[in-house]
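Inside the fold
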Amino acid sequence: MTRIVIIGGGPGGYEAALVAAQLGAQVTVVEQDGPGGACVLTDCVPSKTLIATSVRKQALLDAAALGVHYTGGPDGDAGSPVADMPLVNRRVKELAQAQSADIAARLAAEGVEVVRAPGRLVDPQVVRAGDRTIRADVVIVATGATPRILPTAEPDGERILTWRQMYDLRELPEHLIVVGSGVTGAEFAGAYRSLGSEVTLVSSRDRMMPNEDADAAEVLEEVYRRRGMNVMGRSRAESVKRTADGVVVTLEDGRTAEGSHCLMTVGMVPNTAGIGLQEAGVTLDRGGFVQVDKVSRTSAPGVYAAGDCTGVLMLASVAAMQGRIAVWHALGEAVQPLRLATVASNIFTDPEIAAVGVAQKTIEAGEIEANVVKLPLATNARAKMQGFHDGFVKLFCRPNTGIILGGVVVAPRASELILAVSVAVQQRLTVDQLAHTFAVYPSLSGSVTEAARRLMQPMTPTGI
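Residues numbered from 1 in each chain as written. Predicted model: local features only at pLDDT ≥ 70, side-chain atom pairs only at ≥ 80, totals over all residues. Heavy atoms only, no water.

Looking at the packing of aromatic side chains
Applying the stated criterion across every chain, the model contains 1 aromatic pair. Note on Phe188 and Tyr192: the rings are 6.5 Å apart at their centroids and 15° apart in plane angle, and the pair reads as stacked. Of this pair, Phe188 and Tyr192 both sit in helix H5 (residues 183-195), 4 residues apart, which is roughly one turn of the helix. With respect to burial, Phe188 and Tyr192 carry one shared label: buried. Over the ring of Phe392 we find Lys374, and its NZ or CZ is 5.0 Å from the ring centre. (Phe/Tyr/Trp six-rings, centres within 6.5 Å; stacked < 30°, edge-to-face > 60°. Helix = DSSP H or I, 4+ residues; strand = E, 2+ residues; numbered from the N terminus. Buried < 20%, exposed > 50% of the residue type's maximum accessible area, 1.4 Å probe, protein only. Lys NZ or Arg CZ within 6 Å of the ring centre and 35° of its normal.)

Brief notes about the layout of surface pockets
Estimates place the volume of the second largest pocket at around 350 Å³. Met321, Leu338, Arg339, Thr342 and Gln426 are, among the 16 residues lining the second largest pocket, the residues nearest its centre. A per-element tally of the lining of the second largest pocket places helix H7 (residues 316-330) first, with 6 residues. (1 Å grid on protein atoms, 1.4 Å probe; cavity = no way out; pocket = protein on both sides within 12 Å on 5 of 7 lines; lining within 4 Å. Points joined across faces, edges and corners; volume = space filled by probe spheres on them.)

Describing unusual backbone geometry
Here the residue pair Asp350 and Pro351 is connected by a cis peptide bond, since its omega of 10° sits within 30 degrees of zero. Mapped onto the elements of the fold, Pro351 is located in the loop between strand E19 (344-347) and strand E20 (352-357). Of note, the amide linkage connecting Tyr441 to Pro442 takes the cis form, showing an omega dihedral of -5°. Mapped onto the secondary structure, Pro442 falls in the loop between helix H11 (431-435) and helix H12 (446-455).

Remarks on the nonpolar core
In terms of nonpolar packing, the biggest core is built from 42 residues, with Leu50, Tyr192, Met208 and Met209 touching the most fellow members. Counting residues per element, the ones that place at least two in this core are helix H3 (44-62), helix H4 (85-109), strand E10 (175-179), H5, strand E11 (198-202), helix H6 (214-226), strand E22 (392-397) and strand E23 (404-411). Not counting residues up to four positions away in its chain, the partners in contact with Leu50 are Met85, Val88, Asn89, Val92, Tyr167, Phe188, Ala191, Tyr192 and Leu195. (Core = buried A, V, L, I, M, F, W, Y, C linked by side-chain atoms within 4.5 Å. Contact = heavy atoms within 4.5 Å.)

As structure tokens, this is what we get:
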């Protein structure tokens, strides 16, 4: 029986463990924090739980436009919804623990051993887990990553924080300064603005989320500004200092921004230092990420890696697929190499931004030829009924064949709407095939099929 030891219990680790157990391997997962790892306990699950609360509160704030009003507030006024942060944060933590418990139960049901201890690689076939030494035929490294810390803005857990520390706050920040306007910064900035904080978003680039679809980022920034957020573009933070009753953020050009709290969202560093990887022959890049190929192999024989520690698209779905691919390859099963062109991603802002396949910037750079259509969400009947004005559906297809290459959706629950486009990209469907697929009327998904109809090529009559 093949013995597989997995260092790390996040999506890359526990999904690999489940597949390995189902294929008859003896599996041990070494995880010091608990099943689910940081993804479940401190990162993805908690942040999306918080965001779900903020989206619900924003819906209450927007309800008046649909004819719903509050009555019976203090002093006879209409009243307004208020976020109970101790309750919100307690729910966030309880839900994370519940999800971790569910994963633990699933692993136990499949016969996977979980060792709660730090793990390190002694050599390609030996893992040290706490005071235990475990021999393995295959090792999978899935140790994840940690929020990057700037020496000029070290978190204190009270006023200067990483996102993992936000759930310990007892009160809603009066004025939250978010440093970093990538995906994480945009998500938290929007969530806390909807929850009731004054928010300043400090971006070092011309616009928010510079690596995402430009049209989508423009829509989101417009929404944020309309909701009262202060978005500071071209403003690189140099340092963050704590004051008597708050924080002051100093920018490189000498300007300052003052607030009650500062959230640092300036990237991630891999958890690969000091766990014996290089000594065992595993190659790391300059940033410390594990180098892997398309089937998750490292440079050390019998050692695979998955998830954020590899730096290959830091998404839970990608980590899970990397872990599964590693097991399938190690056990000799049929396996397809990881295809990043088919990976769907989502930014859990309000509205959400989902994308799959080629990006418009690739098309504009002339790297690939494609036809493009963009439909504003405001023309969708269901969107009008629900009071959704911001967003769009965008599709890309090959000019001659009509094969769908990718798309972007900016809408409430875009994470659900993108599935149709993901299936089309994965299965190489054409716009004609998607256009002839029934969509419910009225529905937001109707904009996906409508976009496909707009891209259909007219039949050219031929002579006899």
